[in-house]
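Here's the letter readout for the chains.
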Amino acid sequence: MSQALLFELGDSTGTIGTFGIDVANVWQVIEPLALKEVPLCPPIVEGIMSHGGRIVTVVDPSPVLGFTPQDGEVKQVVIVRDETRPLGNMGLKVSRIRQIVDMSAMQGAELPTGPYVERAVQSGTRLIHIIDVVAFMNGLGREFGSAPDAAREGVTE
């Protein structure tokens, strides 16, 4: 990973934290025009939207990462790209885009990470959790019952 897009997750009480994903996994950052609610979906699903002729499911990553859900409307969405799931378009609800940084300039931080956090780094006094996009999307797929089948994961019985 050479560069990461940094963003904040947060709610009305403040910022939950700063997170990042490899820019190779970022398709686009947008301000959505309209989200359509999807009945009977888990609460982390904020809705769906059309983008570039494809349906994008917008989720709140906070609960999946072990934090409280973000409240308020979706103002910015990071649309992620996972080459192993060409038909799976996922958008992450973020409260604020920070910047793109060179990861080689970041110091590693010795912190426990969750199942979807690849590593923690530090920039000055700011702690940044780098999300493993493939693991995150596979985790969501398992939650929604659409995980890749065993053949796609290279698992044989």
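Preceding this paragraph is the structure being described.
For clarity, every value in this text was computed on a predicted model and none was experimentally measured.

Participant: So, the sheet that holds strand E9 (residues 107-108): which residues are in play, and what are the values?
Facilitator: An order of E8-E1-E2-E11-E10-E9 is seen for the 6 strands of this open sheet, with the pairing classed as mixed. For this open sheet the edge positions go to strand E8 (96-102) and E9, each flanked by a neighbour on one side alone. The sheet contact formed by strand E1 (residues 3-11) and E8 spans 6 bridges and is antiparallel. Looking at E8, one finds that Gln3 is bridged to Asp102.

Participant: Run through the packing of aromatic side chains, naming residues and quoting values.
Facilitator: Two descriptors summarise a pair of aromatic rings, namely the distance from one centre to the other and the angle between the planes of the rings. One pass over the structure, following the stated rule, counts 3 aromatic pairs. Relative to Phe19, the ring of Phe7 lies with its centre 6.4 Å away and its plane at 25 degrees, an arrangement referred to as stacked. Taken together, the residues span a long stretch of sequence, with Phe7 in strand E1 and Phe19 in strand E2 (residues 14-22) at a distance of 12 residues. Measuring from ring centre to ring centre gives 5.8 Å for Tyr116 and Phe136, while their planes differ by 85 degrees; the resulting arrangement is edge-to-face. Taken together, the residues span a long stretch of sequence, with Tyr116 in the loop between E9 and strand E10 (117-123) and Phe136 in helix H2 (residues 133-144) at a distance of 20 residues. For Tyr116, a relative accessible area of 15% puts it in the buried group. For Phe136, a relative accessible area of 3% puts it in the buried group. Three or more aromatic residues link up through ring pairs in this structure, and these residues are Phe7, Phe19 and Phe67.

Participant: Requested: an account of the pairing of strand E4 (residues 45-51), with residues and values cited.
Facilitator: The pairing of E4 with strand E5 (residues 54-59) spans 6 bridges and is classified as antiparallel. Its bridge partner lying in E5, His51 is registered against Arg54. In sequence, E4 turns back onto E5 through a hairpin of 2 residues, with Gly52 there showing a positive phi of about 60 degrees.

Participant: Lay out the pattern of salt bridges in plain terms, naming residues and giving numbers.
Facilitator: When the charged atoms of two side chains lie near each other, side chains of opposite charge can form a pair. Following the criterion strictly, the structure yields 3 salt bridges and no others. Among the ionic pairs, Lys93 bridges to Glu46, the shortest N-O distance being 3.6 Å. With Lys93 in strand E7 (residues 90-94) and Glu46 in strand E4, this pair connects stretches of sequence that are 47 residues apart. For Lys93, a relative accessible area of 3% translates into the label buried. Classification of Glu46 as partly exposed rests on a relative accessible area of 25%. Glu118 is the salt-bridge partner of Arg119, the closest N and O atoms lying 3.8 Å from each other.

Participant: An account of the pairing of strand E11 (residues 126-131) is needed here, citing residue identities and associated values.
Facilitator: Both E2 and E11 contribute to a ladder of 3 bridges, which runs parallel. In the sheet register, Gly20 faces E11, and the bridge partner there is Ile130. Note: E10 against E11, 6 bridges, orientation antiparallel. The partner of Ala120 across the bridge, within E11, is His129. Between E10 and E11, which pair antiparallel one after the other, the connecting turn spans 2 residues, and Gly124 there sits at a positive phi close to 65 degrees.

Parameters and conventions
Residues numbered from 1 in each chain as written. Predicted model: local features only at pLDDT ≥ 70, side-chain atom pairs only at ≥ 80, totals over all residues. Heavy atoms only, no water. Pairing = 2+ DSSP bridges. Helix = DSSP H or I, 4+ residues; strand = E, 2+ residues; numbered from the N terminus. Phe/Tyr/Trp six-rings, centres within 6.5 Å; stacked < 30°, edge-to-face > 60°. Buried < 20%, exposed > 50% of the residue type's maximum accessible area, 1.4 Å probe, protein only. Salt bridge = Lys/Arg side-chain N within 4 Å of Asp/Glu carboxyl O.

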